[in-house]
Amino acid sequence: MSQSTTAPEALPDPAGQPIAVLGAGTMGIGIATLITGHGLPVVLVDVDESRLEKAPAAVARGRRMAQLMGKLPRDGASGALTTTSLVDDVHGAQVVIEAVTEIPETKAKVIAAASAVIAPGTPLVSNTSGIPIDELAASAARPEDMVGAHFMNPPYLIPAIEVIRGPRTSEDALRRVTDLLALLGMNAIVVGDGPGFVINRVLQRSLNGAAQLVQDGIADAESVDALFRGCLGHTTGPLATADLIGLDNVVDSLRVLYDRTGDAGYLPCELLLQKVAAGDLGRKTGRGFFEYGGVL
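Now for a look at the structure at hand. (Residues numbered from 1 in each chain as written. Predicted model: local features only at pLDDT ≥ 70, side-chain atom pairs only at ≥ 80, totals over all residues. Heavy atoms only, no water.)

1. Quick look at unusual backbone geometry
The line we're drawing: By definition, any uninterrupted DSSP run of H or I lasting at least four residues is a helix, any uninterrupted run of E lasting at least two residues is a strand, and each is numbered from the N terminus.
In this structure, the amide linkage connecting asparagine 153 to the following residue, proline 154, adopts the cis form with an omega of -5 degrees. Structurally, proline 154 is set in the loop between strand 7 (146-150) and strand 8 (160-165).

2. Focus on the pattern of salt bridges
Under the convention used in this document: By definition here, a salt bridge exists when the distance from a side-chain nitrogen of Lys or Arg to a carboxyl oxygen of Asp or Glu is within 4 Å. Burial classification: accessible surface area is computed with a 1.4 Å probe over protein chains only, and a residue below 20% of its type maximum counts as buried, one above 50% as exposed, and the rest as partly exposed.
Overall, the coordinates contain twelve salt bridges when judged by the stated rule. One salt bridge connects glutamate 171 with arginine 165, and the closest N-O pair in it is separated by 2.7 Å. Salt-bridge contacts for arginine 175 lead to aspartate 179; the nearest nitrogen and oxygen are separated by 3.2 Å. Separated by four residues within a single helix, arginine 175 and aspartate 179 lie in helix 5 (residues 171-183), roughly one turn from each other. You can call arginine 175 partly exposed: its relative accessible area is 30%. Take aspartate 179: its relative accessible area is 5%, and that puts it in the buried class. Overlapping salt bridges, with partners in common, bring together Glu98, Glu102 and Lys107 in one network.

3. A short note on the packing of aromatic side chains
Filter applied, for reference: Put simply, two rings from Phe, Tyr or Trp (the six-membered ring, in Trp's case) pair if the centres are within 6.5 Å, and we call them stacked under 30 degrees between planes, edge-to-face over 60, tilted for the rest. A ring has a charge above it when a Lys NZ or an Arg CZ is no more than 6 Å from the ring centre and no more than 35 degrees off the ring normal.
Summed over the entire model, instances satisfying the criterion amount to zero aromatic pairs. Across the ring face of tyrosine 266, the terminal group of arginine 205 is positioned such that the distance to the ring centre comes to 4.8 Å. Against the face of phenylalanine 289 rests lysine 275, its NZ or CZ located 5.0 Å from the ring centre.

4. Describing the pairing of strand 8
Note the cut-off: Paired strands, as defined in this entry, are two strands with at least two bridges between them according to DSSP. Handedness of a crossover is defined as follows: orient the strands so they point away from the viewer, and if the path from the first strand over the helix to the second runs clockwise, the crossover is right-handed.
By the bridge criterion, three bridges tie strand 7 to strand 8 in an arrangement that is antiparallel. Note that in strand 8 the partner of histidine 150 across the bridge is glutamate 162. Alignment of strand 8 against strand 9 (residues 187-192), held across six bridges, turns out to be parallel. What sits directly across from arginine 165, in strand 9, is glycine 192. Between strand 8 and its parallel partner strand 9, the chain crosses via helix 5, and the hand of that crossover is right-handed.

On their own, these measurements won't tell you what the molecule is for.
Okay, structure coming up:
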């Protein structure tokens, strides 16, 4: 395990070759915002036309906020954003970043489709929060081009990123991905492969445990998070963090971890399942463990 410290090499003709982002959900929009905010063009792919229609405004809104906060450059032109529902349109990308929902079968299908149309040697990055990279690489035409990059939400405000080197990941693919991340102002911390990697191997158990405490009546959500903020110095607390991630994504990640480790600590508690079934998914729906006054 190591941290990338060398200066990035120039990527091939970044003005002409876009970065492809697969998925226009919360993370796909955030990643597109980060990339275009650094002046690089993006091709954003999603099968949901309504998401694609909303994407340009969402990316522009996030970019303006990040610029006002000093997290993205204010000088220079923003990268162009192109939206499409066709995976074939990523054929000319210099790097492809998959950011679809955390369901292994869905990710495998998208990875297989993208790897079939991109040139050999093009890094194929999965923004998975817990599925082993070597498992996903089995769906790629060239497993050596597969790299993991677990962006935090929102990626244009959180510069640290967990980069996963799979057993079959080539040194060239890893270098090109860490070079791109350096150009985007990210601090890439490279770790080994395995369910949940580092962040979610620890975090998801904490989120599940915090939800279980509320379910059992030990404390309410406000008290749980107040203790984590006041006693442990957490910025938000576990349940507000779960709301930010999206409770549906938390449940998906817990299931991935349980299926691959057999550890009962990753079985989603009943309260999480109830909230997801009710559509109370956190910040993106306006309600989760806390109220947010509107849908994002």
